[in-house]
Amino acid sequence: MGTLKLKDVYKSFGPVNVIKGVDLEVRDGEFVIFVGPSGCGKSTLLRIIAGLEDATSGTVEIDGEIVNARPPNDRGIAMVFQTYALYPHLTVRDNMSLGLKQAGRPKPEIAERVAFASRMLSLDDYLERRPAELSGGQRQRVAIGRAIVRKPKLFLFDEPLSNLDAALRVNTRLEIAALHRKLNATMVYVTHDQVEAMTLADRIVVLNGGIIEQVGTPMELYNDPANRFVAGFIGSPQMNFIDAGLLGVSDADTIGVRPEHITIVPSGGDLTGTISHVEHLGSDTNVFVNCEKAGLVSVRLFGEHDFEIDSERALKLDPARSFRFDRDGQRLR
Amino acid sequence: MAMSGARQSLGRSAAAHAILITYTIIALFPVFVIVINSFKTRKAIFRTPLEMPDAESFSLIGYQTVLKQGDFLLYFQNSLVVTVVSLTLVLLFGAMAAFALSEYRFRGNSLMGLYLALGIMIPIRLGTVAILQLMVATGLVNTLTALVLVYTAQGLPLAVFILSEFMRGVSDDLKNAGRIDGLSEYRIFFRLVLPLVRPAMATVAVFTMIPIWNDLWFPLILASAEETKTVTLGAQVFIGQFVTDWNAVLSALSLAILPVLVLYLIFSRQLIRGITAGAVK
């Protein structure tokens, strides 16, 4: 069991307000990801949940109990850090068992839980090694193992994949997804990488400037963003924002269209421009079209396409998948 | 191109070595002269001070005098006790203060850091009179405790300053991982943080230890009684107003180098890592 409830959480460091009123409920067994640009307060929020920072005001509830006044080791949480944070002087086995030893658990239970975690993460061959003798991916697996061993109500991940190289990141991502299915545990995960958020999360919490912009499943955020910030943050390449006047729309300030919802047509269309750059990715082709006043518009085409640089083309926007935003960036529905 | 590059760097490294070797010779020369002359007869010391001792000039009379003086073993013991105890206290309290300054946010944190670092710039000897009055009032004159207290105060500013810089570099995640695992702040300090700043500790140890071992001022003023004399003060016995027993002085000084040399060798491996840590990383 593990539910989490944040009620009206504020955090300030001196005169600087970092978290400006966050309300959130996480259900049992849910995988929730906090995503946002750097400095948006997502890590601070995670640290408040962990008890490593005190909230200036508001309450944190884990499993229905208010834990504001409890130390981190007493909250039933486990945390995986970006820099792994393994104890350099202890072996893998001791790294994983330290928390339980500290809690005074009987030895057989500790041994059994360590064995369970190491089997799950294929760490059996490394149990007697020290962190310095392991690769980056192995170290992160040990850090995850250290979390599993605690059998927490709540797993907290603080950008766990940021220090890994691209290939390893994809692998570890899959492992974390598998882990979530196997353990059926509640997980809160912080990342600045929207791809990680989209691929792992049950629900995504988009944070910006210390407030929650929107909470929703990955597809809700993609198909139905609440405002311009969320629309721009989710999806890659980024959504195009075009001045509504240029498209002949009078009841909105900006029109947002995702690159995959624009097609290149021989003539007619909503905008014209010259091709300035083409990226060939094999499965897709990203075309960047310079549309004078509308600026650089990116178009994502599926499959392989060839365009001559500097040639003139017309663009057709899919009206059904365009979003209208007002002057403040709020979505007009 | 590659050749000239290599040659150029060869020339440059030769120059660098020449400078370093020159400096080493200048630094070691007085020590060398003291050590060779301590093995010579009095006549040879004055007639040919720069020559190595030979069959004719070799003599252990200085060492015999020093050891016959009898109390010298006690002086050594005093010096060692004062140095080791002061060093331990400086490292312990310095590291603890540095941890608090680097780890905890509290009002006046940076002001406190500045205040603690002020002692680096103000020589403690300026307060000699006040210190002496204090020691007289507390009845600590002519005890080793007086020296230990003064040296601990003298060593702390630099220790706090250097160690807090290094402790800021210790990963926050590691300390937080310890907190989540339920380690107390003391265990986080002793088991996680201290081992990681060991090179810095060694640096501080060397810079603290040498001035304490070599100090003549405070032993002379605060602890000049026979039973609390340190080696540097003990060696003064042989320096008279009219006659100085140079054999004994030189032998005593040569002997005084040994313990501090041993301590230095223990710390030096870590010391080099401490000095270069900022530069290479």
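Residues numbered from 1 in each chain as written. Chains lettered and ligands numbered in written order. Predicted model: local features only at pLDDT ≥ 70, side-chain atom pairs only at ≥ 80, totals over all residues.

**Let's talk about the overall build of chain B**
Spelled out, the test is: In DSSP terms, a helix is any run of H or I states spanning at least four residues, a strand is any run of E spanning at least two, and both are numbered starting from the N terminus. Computation of the radius of gyration draws on C-alpha atoms alone. For the globule rule, the value is 2.2 Å times the number of residues to the power 0.38. Put plainly, a residue is buried at 20 or more neighbouring C-beta atoms within 10 Å of its own, exposed at 12 or fewer, and partly exposed in between, counting only other residues' C-beta atoms, which are placed from the backbone.
If you tally the helices and strands in chain B, you get 13 helices and 0 strands. Start at the N end of chain B and walk to the C end: the helices and strands fall as α-α-α-α-α-α-α-α-α-α-α-α-α. In terms of overall dimensions, chain B is more spread out than a globule: its C-alpha atoms have a radius of gyration of 23 Å, far above the 19 Å expected for 281 residues. Over its C-alpha atoms, taken along the principal directions, chain B stretches across nearly 75 × 70 × 35 Å. By residue count, 32% of the 281 residues in chain B fall in the buried class.

**A short note on helix α1 (residues 42–50) of chain A**
Residues and elements named next belong to chain A. Counting buried positions over the 9 residues of α1 gives 9, a clear majority of the element. Among all positions in α1, only K42, S43, T44, L45, L46, R47, I48, I49 and A50 are buried. Phi turns positive one or two residues past the end of α1, at G51, with a value near 90°.

**A closer look at the nonpolar core**
Our working rule: By definition, a nonpolar core groups buried Ala, Val, Leu, Ile, Met, Phe, Trp, Tyr and Cys residues that connect through C-beta atoms lying within 7 Å of each other. An automatic or database domain assignment is the source of the domain bounds shown. For every residue pair, C-beta atoms are placed from the backbone, and the pair is scored as a contact if these atoms sit within 7 Å.
Formed by 133 residues in total, the largest nonpolar core has its most connected members in A:I33, A:L156, A:V188, B:L147 and B:L163. Sorting elements by how many residues they give to this core places helix α7 (residues 144–168) of chain B first, with 15 residues. Two domains share this core, each providing at least three of its residues, namely domain 1 (4–232) and domain 2 (238–332) of chain A. Once residues within four sequence positions are removed from consideration, A:I33 is found in contact with A:Y189, A:T191, A:A197, A:L200, A:A201, A:I204 and A:V205.

**Some points on the interface of chain A and chain B**
Our working rule: Charged residues are taken to be Asp, Glu, Lys and Arg, nonpolar residues to be Ala, Val, Leu, Ile, Met, Phe, Trp, Tyr, Cys and Pro, and polar residues to be all remaining types, Gly included.
Taken together, the 17 residues of chain A in the interface contact 12 residues of chain B. When residues of the side of chain A that touches chain B are traced back to their parent elements, those giving at least two are β6 (77–80) and α2 (92–102) of chain A. Of the residues that constitute the side of chain A that touches chain B, the class distribution is 11 nonpolar, 6 polar and no charged.

**Quick notes on the domain arrangement of chain A**
Residues and elements named next belong to chain A. For chain A, the assigned domains read domain 1 (4–232) and domain 2 (238–332). Computed from C-alpha atoms alone, the centre-to-centre distance between domain 1 and domain 2 is 37 Å. With 7 residues of domain 1 at the interface, the matching set in domain 2 holds 10 residues. Taken together, the residues that form the side of domain 1 that touches domain 2 break down as 4 nonpolar, 2 polar and 1 charged.

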